[in-house]
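# Descriptive structure summary
Here is how the chains run, residue by residue.
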Amino acid sequence: MGSEVFRERLADALAAGDFELHCRIYHHRSFGRLHFFDTLAVDPISRESFIVELLCRAAESETVTEVVGGQLSDLRLGDVVVVYDAAVDLRSPLPPCTLTLQVHRLKLTETWRGLFQKGEDRTGPGGNWKHAFHRPAFHDAIDESYFEELDRRALERQREKRKAKAKGEKQAESEEEASDSPADKAPWTRTREPRAMLQCHMPLAQRLAEYLGGRVLSACSRDRLVLVDAPNAAATSRAAHAPRVPSHLHSIIQRIFFVDAGRKAPSVAEACAQYLAAVFGPVDHAGVGDLWDFLCRQRHIQCFPRELESSLSAAVRASRWAAPGAEAKESPAALALPKGRCDSMVYADGLLWWSTDVPRIIVPEKDQRSVPSGAYWKLLEILDRYRPHSMTRQRLMDLFQGRGCAVDFGASPGGWSFCLATALQIRRVIACDPAAYMHPLVRRLAPEDERDQFLEAFTPEERKEDAKHSRLLAERKEEAETEPKGQISHWRMRAEDALVKMKQRLDAQLPPLALVVCDMNEELEGACQLLYQVFEQKLYEAPCLAVVTFKNTCKSKQEFRRRKSAMLLRLQEEKVLTQVQEIHLFANTRMETTIVGQML
């Protein structure tokens, strides 16, 4: 359904006098008494979103725009208005608008501040609100070249400011910035298929979008939503199990919301009416006591952001489905959803997206009940992304899973060691760290006489943390042990001393190393020196997987790149490591990167 059809439908509705268009304001400009509002609207028939320009005239002009219960100066970005009387302007609007309406009468129905009224009121003298309104980034039928041009110009201005601030920047820095420009990224392909919105923290949103081939949506909180392709909505609803989330993304993605391009609206009231009609049908009463309580307990409805619940609950209780009237066609018990299914209402890109009977997926971000730390997911991501000679993940697992021995330098609190012993099922894992603390999950896999040998050396903070995790583990229901797990030994010593001890025990008490991982807070040369000692002293058996985190302890990025390139070249020329690959893991900060290779 194109913009021309939308224009014709609006013109026919205006001529018939049966017109009501809900719009969310996202841009405003004025020239004298003329006010131009760029708004986001949804076609009630095709459910496509369009950008409509509203031309309003202030007082003392020839034709005054009537604002029911207010005036034009009351309208703010993010507010929702309903246009009751207007005329289609025959002139072509400025991009990216689809059409221009000369508005004669409108009404402010929903304020941006009122949408998240549960949040703390942080309005100051400048009018700032806790959740700032952001420009929409995705639309069904909008040529986004206008937005891309705005982004390009903004990026150019940022580069000019950087160059003016630091004139001595190297050319390599400029090249790195250029690689992040929108023009270098794969074009976004728009589709009408159902999609999924992945909730994650703002700093990782763009990286996650590039990794999954998605797009970051405009949200209004510290978290962001990444729009990606999803299975067909009907198939998703009938699925017996929830879609699998890659294990290494568990530390990034918090929730997954399934959305349909045909289920959205600009205002809470309109989205609520559409949602309740889909659940209860065209009746005057849902046949339940407290309708909002029923949706929470029986339909497991979830909102993003959480502050939206206040506005949505008010809209639900004010709807005709909550008023006395005819009984619902189906009993409330038949409308209840099973465990693992839910309804959702999500605000993103200026619209409210609603869904019914979709998988309910809440990913445990760095769940301390299941893993010792977020470092656990690093190794899983490496197994997913490390591809020497296009080797499959299964082939990589066959090479290294179930091997005899591995060492983890800088192990505390034991995330990598726990992953080696459980996910990779290494029979003997040496967790080397001068620190005394190890997570209770790690100590459970230690020999019984070694589990609590360093408890007295815990700091007060570590004792408090250990008690918390131990309590959480005690509350968790014990699951049947189905997979074999290795044994973890905590060697409380420096890495150099641990290598001496390994050489003394090699063969007699300790098998050769099959994996060497290092996440020490050490300069990159110091971390690589450990690899040299393992290689020169023949403490490994081929193939031995080596994973090292390079920390940026340098004064500048240029120095770090130079030292990193020199060290990688030396490792490969001296054949200490082969099939080397640099991977910037999601769990890596901007000041570190991960090097993966093999000792043969």
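Now for a description of the structure that goes with this document. Every value quoted in this text rests on a predicted model; they were computed, and no experiment measured them.

## Considering the nonpolar core
Formed by 48 residues in total, the largest nonpolar core has its most connected members in Met 197, Phe 280, Leu 295, Leu 312 and Met 345. Residue contributions to this core peak at 7 residues, all from helix 7 (residues 268-280). If we ignore the near neighbours within four places in the chain, the residues touching Leu 295 are Tyr 275, Leu 276, Phe 280, His 300, Ile 301 and Val 316. If you look at the next biggest cluster of nonpolar residues, it comprises 40 residues, including Phe 409, Val 548, Phe 560 and Leu 568.

## Examining the packing of aromatic side chains
Evaluation of the coordinates by the stated rule reveals 11 aromatic pairs. A ring pair is formed by Phe 6 and Phe 50, whose centres lie 4.4 Å apart and whose planes are at 5°; its orientation type is stacked. Taken together, the residues span a long stretch of sequence, with Phe 6 in helix 1 (residues 3-16) and Phe 50 in strand 3 (residues 49-57) at a distance of 44 residues. Accessibility classification places Phe 6 together with Phe 50 in one group, the buried group. Here the aromatic rings of Tyr 376 and Phe 418 are separated by 5.9 Å at their centres, their planes lie at 45°, and the arrangement is tilted. Of the two residues, Tyr 376 is situated in helix 11 (residues 376-385) and Phe 418 in helix 13 (residues 415-422); the sequence distance between them amounts to 42 residues.

## With respect to the pattern of salt bridges
A complete count under the given rule lists 27 salt bridges for this structure. Arg 105 is the salt-bridge partner of Glu 66, the closest N and O atoms lying 3.8 Å from each other. Remark: Arg 105 occurs in strand 6 (residues 99-110) and Glu 66 occurs in strand 4 (residues 66-68); sequence separation between them is 39 residues. The partly exposed category is assigned to Glu 66, whose relative accessible area is 42%. Each of Lys 378, Asp 519, Lys 551 and Glu 592 takes part in one network of salt bridges that share partners.

## Structural notes on helix 7
Taking 1.5 Å of rise per residue, the 13 residues of helix 7 would be expected to cover 18 Å, and the 18 Å separating its terminal C-alpha atoms lies within 8% of that figure. Turning to helix 7, its buried residues are Val 268, Glu 270, Ala 271, Cys 272, Gln 274, Tyr 275, Leu 276, Val 279 and Phe 280. The positive-phi residue at the C-terminal boundary of helix 7 is Gly 281, with phi of around 85°.

## Some details on the sheet that holds strand 14 (residues 351-359)
The 4 strands lie next to each other as 11-14-13-12, forming an open sheet whose pairing is mixed. Pairing within the sheet leaves two strands with one partner each, and these edge strands are strand 11 (264-265) and strand 12 (302-304). Note that strand 12 and strand 13 (residues 341-348) share 3 bridges and pair parallel. Across the sheet, residue Phe 304 finds its bridge partner in strand 13, namely Val 346. Along the sheet face, helix 7 touches strand 11, strand 13 and strand 14 and points at about 25° away from the line of strand 14. Against the sheet, helix 9 (residues 308-318) makes contact with strand 12, strand 13 and strand 14, and its axis sits at roughly 125° relative to strand 12, the strand it touches most.

## Some words on the pairing of strand 20 (residues 540-551)
Counting buried positions along strand 20 gives 9 out of 12 residues, so the element sits mostly inside the fold. Here strand 19 (residues 513-518) runs beside strand 20; their pairing, made up of 5 bridges, is parallel. The residue of strand 20 that forms the bridge with Val 516 is Ala 546. Between the parallel pair strand 19 and strand 20, the chain is carried across by helix 17 (residues 524-536), and the sense of this crossover is right-handed. When strand 20 meets strand 22 (residues 592-599), the two strands line up antiparallel, connected through 8 bridges.

## What about unusual backbone geometry?
With an omega of -10°, the peptide bond between Phe 304 and Pro 305 qualifies as cis. Summarising the element assignment, Pro 305 is placed in the loop between strand 12 and helix 9. For the bond running from Ser 412 to Pro 413, omega is 5°, close enough to zero to count as cis. Within the secondary structure layout, Pro 413 lies in the loop between strand 16 (405-409) and helix 13. Phi is positive for His 300, which is not a glycine, with a value near 55°. With respect to the element layout, His 300 can be found in the loop between helix 8 (291-297) and strand 12. The phi angle at Lys 575 is positive, at roughly 60°, despite the residue not being glycine. Tracing the backbone through its elements, the reader meets Lys 575 in the loop between helix 18 (557-573) and strand 21 (578-583). Residue Lys 575 is classed as exposed on the basis of its relative accessible area of 61%.

## Description of helix 1
Between its first and last C-alpha, helix 1 extends 20 Å over 14 residues, near the 20 Å set by a 1.5 Å rise per residue. Among all positions in helix 1, only Phe 6, Arg 7, Leu 10, Ala 13 and Leu 14 are buried. Projected down its long axis, helix 1 shows its buried positions confined to an angular sector of 130°, all on one face. Set apart from the buried face of helix 1 by more than 90 degrees, the exposed residues are Glu 8, Asp 12, Ala 15 and Ala 16. Next to the buried residues of helix 1 lie strand 1 (21-31), strand 3, strand 5 (80-89) and strand 6. Downstream of helix 1 by a residue or two, Gly 17 has a phi angle that is positive, lying close to 75°.

## Remarks on the sheet that holds strand 10 (residues 253-259)
Judged by pairing direction, the sheet is antiparallel, and its 5 strands sit side by side in the order 8-9-7-10-15 without closing on themselves. A single partner strand is all that each edge strand has here, and the edge strands are strand 8 (215-216) and strand 15 (361-362). In the sheet, strand 7 (residues 195-201) pairs with strand 10 via 6 bridges, with the strands oriented antiparallel. Its bridge partner lying in strand 10, Arg 195 is registered against Val 259. Strands in contact with helix 5 (residues 202-212) are strand 7, strand 8, strand 9 (223-229) and strand 10; relative to strand 7, the strand with the most contacts, it is inclined by about 145°.

Conventions we followed
Each chain carries its own residue numbering, running from 1 in the written order of its sequence. Only residues with pLDDT of at least 70 are given local features in this predicted model, and only at 80 or more are side-chain atom pairs given and counted; all residues enter the totals for whole chains, interfaces and linings. Heavy atoms from the whole structure form the basis of all side-chain values; hydrogens and water molecules are not counted. Take the buried Ala, Val, Leu, Ile, Met, Phe, Trp, Tyr and Cys residues and link them wherever side-chain atoms come within 4.5 Å; each set so joined is a nonpolar core. Relative accessible area decides the class of each residue, using a 1.4 Å probe on protein chains only: under 20% of the type maximum gives buried, over 50% gives exposed, and in between gives partly exposed. For helices the rule is a DSSP run of H or I covering at least 4 residues; for strands it is a run of E covering at least 2, with both sets numbered from the N terminus onward. Contacts were defined at the residue level, with two residues in contact if any of their heavy atoms lie within 4.5 Å. For this analysis, a ring pair means two rings from Phe, Tyr or Trp (six-membered ring only for Trp) whose centres lie within 6.5 Å, classed as stacked if their planes differ by under 30 degrees, edge-to-face if by over 60, and tilted for the remaining angles. Salt bridges, as used here, are contacts in which a Lys or Arg side-chain nitrogen is within 4 Å of a carboxyl oxygen on Asp or Glu. For a helix, the expected span equals 1.5 Å multiplied by the number of residues minus one. Between any two strands, at least two bridges found by DSSP are needed for them to pair. Here an angle of 0 to 180 degrees is reported between the N-to-C directions of two axes, which are lines fitted to C-alpha atoms, with helices fitted over the stretch in contact. Orient the strands so they point away from the viewer, and a crossover whose first-strand-to-second-strand path over the helix runs clockwise is right-handed. Directions from the helix axis toward the C-beta atoms define the arc.

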